[in-house]
Amino acid sequence: MATFENKSVLVLGGSRGIGAAIVRRFAKDGAKVVFTYSGSPDAARQLATDTGTTAVQTDSADRDAVIARARDSGPLDILVVNAGIGVFGDALDLNPDDVDRLLAINVHAPYHASVEAARQMPSGGRIIVIGSVNGDRMPVAGMAAYALSKSALQGMARGLARDFGPRGITINVVQPGPVDTDANPADGPMKDVLHSFMAIKRHGRADEVAAMVAYLAGPDTDFVTGAMHTIDGAFGA
Ligand code: NDP
């Protein structure tokens, strides 16, 4: 039997990049997968067709829509919150509305989705949130709001692990370093700077991150919760 046969999975932000790799991984391993998208309907439709999964449009910046999606998709065995954006530039120049939108997508949505999913989740349930090694280490200027959002997930996971642990539900954060996606292409202008911080001097692949998510979502991790799992070529070491 495939690892995730009969498991119900919701991936927030699954149309492209790391999220799409997570959708592919769960689908390959037998799960029933629903994933959300916002701005990429064509990519979402294609992925759903290719993988036999279900794509639904839900803007992670819309708190009530996120809560409704987690509720209406339940009961879930596995929730993965991947949707995330960057707002980069001199902190003195950034538009406060853009920063607040980042916090809505990167922090508020993971919190509300996790709480709502946990309401109906059975014992053995898994919540996995995609953070970033920038939650631990921020070696360049212009990324403070992004780093803030990813550090916030650490406190959230530690706290919600206490709330959900007695019900047999785990919550963990996966913290990638540079991963080759539209948001951070392996041949992008930041490549040499990013690789200079790393022991393994390349971008990671989205499927490498998906493999860590699959491990944390699997049957061997009942005792793993409230923890950060870094996959970064030693960017943060
Ligand atoms: P991409 O920009 O390539 O993809 C982002 C995904 O999130 C897309 O599927 C996008 O869907 C979805 N998304 C973005 N905003 C929203 C929204 N408002 N509502 C719903 N879905 C949304 O990013 P990555 O794959 O690179 O990043 C994925 C996660 O990994 C993020 O949380 C990011 O912070 C984190 N991360 C990435 C790293 C990297 O180097 N790539 C490193 C460390 C962490 P759509 O296009 O349909 O809107």
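So, here's what we can say about the structure. (Residues numbered from 1 in each chain as written. Predicted model: local features only at pLDDT ≥ 70, side-chain atom pairs only at ≥ 80, totals over all residues. Heavy atoms only, no water.)

### Considering the pattern of salt bridges
What counts here: A pairing counts as a salt bridge when a side-chain nitrogen of Lys or Arg comes within 4 Å of a carboxyl oxygen of Asp or Glu. We call a residue buried when its accessible area falls under 20% of the maximum for its residue type, exposed when it is over 50%, and partly exposed in between, using a 1.4 Å probe and counting protein chains only. Secondary structure elements follow DSSP: runs of H or I no shorter than four residues count as helices, runs of E no shorter than two count as strands, and numbering proceeds from the N terminus.
This model, assessed by the stated rule, comprises 12 salt bridges. Of the charged contacts, one joins aspartate 72 and arginine 71 as a salt bridge, the two residues approaching to 3.1 Å between their closest N and O atoms. You can call arginine 71 partly exposed: its relative accessible area is 40%. Between arginine 126 and aspartate 222 there is a salt bridge; the shortest N-O distance is 3.0 Å. One end of the pair, arginine 126, is in strand 5 (residues 126–130); the other, aspartate 222, is in the loop between helix 7 (206–217) and strand 7 (227–231), and 96 residues separate them in sequence. Under the relative-accessibility criterion, arginine 126 is labelled buried at 3%.

### Some points on the site of the ligand
Our working rule: Whether a residue is near a molecule or strand depends on its heavy atoms: it is near if one of them lies within 4 Å of it. In the analysis that follows, any N or O atom pair within 3.5 Å is treated as a polar contact, provided that within protein one partner can donate a hydrogen and the other can accept it, and provided that, for residues neighboring in sequence, both atoms belong to side chains. We get accessible surface area from the Shrake-Rupley algorithm with a probe of 1.4 Å; when it comes to residues, only the shown protein chains can shield them. Residues are said to line a cavity or pocket when one of their atoms sits within 4 Å of a point; the points come from a 1 Å grid over protein atoms alone, cavities being sets where a 1.4 Å probe fits but cannot get out and pockets being open sets with protein on both sides within 12 Å along at least five of seven lines. A molecule is counted as occupying a cavity or pocket when more than half of its atoms fall within 2 Å of that pocket's grid points. Any residue outside Ala, Val, Leu, Ile, Met, Phe, Trp, Tyr, Cys, Pro, Asp, Glu, Lys and Arg is labelled polar, Gly included; the first ten of those are nonpolar and the last four are charged.
Around the ligand, the structure places 31 residues, and the nearest of them are Gly39, Ser40, Asn82, Tyr146 and Thr181. Lysine 150 places a polar side-chain atom, nitrogen or oxygen, 3.0 Å from an oxygen atom of the ligand. In the complex, the protein chains occlude 93% of the 890 Å² of accessible area that the ligand would expose alone. Of all the cavities here, the one that holds the ligand is the largest pocket. Broken down by class, the residue content of the shell around the ligand amounts to 12 nonpolar, 15 polar and four charged.

### Notes on the layout of surface pockets
Convention followed: Grid points are joined across faces, edges and corners, and a volume is the space filled by probe spheres set on the points.
Roughly 1,200 Å³ of volume is contained in the largest pocket. Looking at the largest pocket, it is lined by 49 residues, and the ones nearest its centre are Gly84, Ile85, Gly86, Thr181 and Ala183. Looking at the lining of the largest pocket, the elements with two or more residues in it are helix 1 (17–28), strand 2 (32–37), helix 4 (96–120) and helix 5 (144–164). At three residues, the largest contribution of residues to the lining of the largest pocket is made by helix 1. The residue inventory of the lining of the largest pocket, partitioned by class, reads 23 nonpolar, 21 polar and five charged. The calculated volume of the second largest pocket comes to roughly 170 Å³. Residue lining of the second largest pocket: 14 residues in total, with Lys7, Gly124, Ala217, Gly218 and Pro219 positioned closest to the centre. Residue classes in the lining of the second largest pocket are distributed as five nonpolar, five polar and four charged.

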